Amino acid sequence: MAALRRKFGEDYQVVNTNRSMTFSAPVKRKRQRFVEKNGRCNVQHGNLGGETSRYISDLFTTLVDLKWRWNLLIFILTYTVAWLVMASMWWVIAYIRGDLSHGGHDSSYTPCVANVYNFPSAFLFFIETEATIGYGTRYITEKCPEGIILFLFQSLLGSIVDAFLIGCMFIKMSQPKKRAETLMFSQDAVISQRDGKLCLMFRVGNLRNSHMVSAQIRCKLIKSRQTPEGEFLPLDQCELDVGFGTGADQLFLVSPLTICHEINTNSPFFDLSQRSLMNEQFEIVVILEGIVETTGMTCQARTSYTEDEVLWGHRFLPVMSLEEGFFRVDYSQFHNTFEVPTPPHSVKEQEEKSSLTSPNPLPVAPTPSSPLLGNGGRGGRRERLLSADYADHVEDQASRLPSKLQRMSSTKEELLWKGLKTGPALPGGKASSTGDLPLSIQRLRSSSIPAVRHGQPEEQVQLLSLDGEAEESELEKHRQPAAISTIAAPTFQIPSVGSRPEDNLPPKLRRMNADR
C-alpha cells in the first residue's frame, strides 16, 4: 500500500476483492498559500508590457534581486567580454601601426606596445595592466599617443566595472536573508484560553546568541470577502492586534516567546467557533522585523498559518528550564502542543449566552431612613404605624422618588414628628399647619381628635413606645394584618365633650372595638 501511495499519490481508492464494499481514503486538498512557510511570497507578475523598462532603469537593484546563478553568470560574462574587447583594441592599434609585421622589433624600431606581436600577447598586456601585475616585458612607449588615450579609457572603465559588479556581489552576500533562517516560527498556531479570554497564539524563537535589536512583530489576516455593495475583494488584508496598544508587539527575543492575539469584539475571529473553523478559508501572515546586531541591517522573517494549521483547544509545551547558573531552552519541544479544555463556542456566542443567563438587575432606589427620634429605622416604623392607608403605598412611592426628593421628604417627616411630640396644644382641634402632613394623618387627626373646650386643659397626642421585640411578639401573638396593627398601635387621649368617645373614632376603630 505504501508503494501504491508513492506511485499514484494520495488520491487513490482501496477496493476490496469481493467487490462488496469500496473504501476511499480521505484526501486532503492541498491549500494554495499566499505566503509559504519559509516566507517566500507565492506571487508572480505577468503581462507587464512596456513596464519592463523600469527594471533596466534600476539596474543595480535588479542585479541584486536576481538569483545567485544569474549573478555569477553576469559577473563572469561581464569581465570576460570587457577583457576581450579591450585586448582587441590593443591588437587593432598594433596592427594599424605595423607592430605586428616587425616580429623581432629591432633596436631601431619603437613600437606602440613593446613585445606585443599577436592577439595573445595583446590580451596578456591588457590583463597585466588591468590587474596591475606589471611583469616588466610589455609596456607602452612614448611614441604612441593613441595607446596612452586607450590606457586611460581602460583604467576608467575597469574601475566602473569593478565597483558595479563587486558592489553587487558584496550587497547580495551581506543581505540578512540568511539571518532570517535562524528565526523560528512554530509549525502550528493554537486557540485556547489565557487569563480567562480566548486567544490565538503562536511561538517565535531566535537560534543565535546575537540579539535582534528593536524586534517587532505584526500579523495580517488574508481572506477574500465581499462588501455590502457587492464588490469582491480577493485576498483582502486585515490587521490582527498582537499588542500594538500595550507595547506587547515589541519583543525582547532572547528566548522563545508566545505571541498572543486576544479574540474580542474588534477581532475578525469574533464569531469563529470550533465548528466554523473547519469551513473557513483564511491565512494568517506573520512578519517579524528587527535589526541584526552584528551588521546593523534590517532583517525580516515571514511565515503563514492556514486554517488547517490552527489547532483549537491546544497549548504549547514549555521549553524553558532552569539549570545551574543559566536558563536552558529545549528546542526539541518548540513545535509540540497539548490539548487543554477550551469552550467550542465563539466569543460572540459566549457573550450572548452570558447576557441571557445572567441579565443585569434593574437598579432600585434604596428606601431612605428617616432620622426621626434619633433612630432612622425606628422613626420609619412609627411613621408607618400612624396610618394603614399610608403604610400600603408609602414604601412604593418612596422607592420611586429620586434621592433629592427622598431627602426633602425625610426632612418634612422629621419636622412633623417634632411638632407632634413637642409642639403646642391643638386649639380648636386643628394643627397650626396641616398642609405639611400626609393626607392619611390629616384624616386620622380630623376624625379622632375633637375640639377642646375653653377652660379645659390642652391635651397632646401621645405615642406608645415602639420597642422592636415587644412589637414583634405582639404581632406574632395576635397575627393581625399590618393595616389593623398600624391603626391599633397608637393610643390617643381624647377629652370628653358630652357624647360617647366611640362616636368620634374612625370607622375602622369602631369596627375593631365592636369585634372585641
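Every value quoted in this text rests on a predicted model; they were computed, and no experiment measured them. (Residues numbered from 1 in each chain as written. Predicted model: local features only at pLDDT ≥ 70, side-chain atom pairs only at ≥ 80, totals over all residues. Heavy atoms only, no water.)

## Description of the UniProt feature "transmembrane region" (unreviewed entry) in the protein
With numbering aligned to this structure, UniProt lists the feature "transmembrane region" (unreviewed entry) at residues 72-93 and 148-171. For the annotated span residues 148-171, helix accounts for 100% and strand for 0% of the residues, and the straight-line distance between the end C-alpha atoms is 35 Å. (UniProt positions renumbered as here; feature names shortened; annotations may be inferred. Helix = DSSP H or I, 4+ residues; strand = E, 2+ residues; numbered from the N terminus.)

## Digging into the pattern of salt bridges
In the structure shown here, the tally under the stated rule is 10 salt bridges. Here arginine 138 and glutamate 128 are joined by a salt bridge, their closest N and O atoms 3.6 Å apart. In this pair, arginine 138 is assigned in the loop between α5 (119-130) and α6 (145-173) and glutamate 128 in helix α5, connecting sequence segments 10 residues apart. Note on arginine 138: relative accessible area 22%, which makes it partly exposed. Taking the shortest distance from any N to any O, the salt bridge between lysine 220 and glutamate 239 comes out at 2.7 Å. One end of the pair, lysine 220, is in strand β6 (residues 212-226); the other, glutamate 239, is in strand β7 (residues 232-240), and 19 residues separate them in sequence. Salt bridges linked by common partners bring Arg33, Lys37 and Glu309 together as one network. (Salt bridge = Lys/Arg side-chain N within 4 Å of Asp/Glu carboxyl O. Buried < 20%, exposed > 50% of the residue type's maximum accessible area, 1.4 Å probe, protein only.)

## Examining the packing of helix α4 (residues 68-97) against α5
Direction vectors running N to C along α4 and α5 enclose 120 degrees, while the axes themselves pass 8 Å from each other. Classified by the angle their axes make, α4 and α5 are oblique. For the pair α4 and α5, the sense of crossing is right-handed. Taking contact as the criterion, the partners of Ala82, Trp83, Leu84, Met86, Ala87, Ser88, Trp90 and Trp91 in α4 are, on α5, Phe119, Ala122, Phe123, Phe125, Phe126, Ile127 and Glu130. Considering only residue class, the contact of α4 with α5 consists of 13 nonpolar, one polar and one charged. (Axes fitted to C-alpha atoms, helices over the stretch in contact; angles between N-to-C directions. Parallel < 35°, antiparallel > 145°, perpendicular 65-115°, else oblique. Left-handed = near helix turned anticlockwise from the far one by under 90°. Contact = heavy atoms within 4.5 Å. Nonpolar A, V, L, I, M, F, W, Y, C, P; charged D, E, K, R; others polar.)

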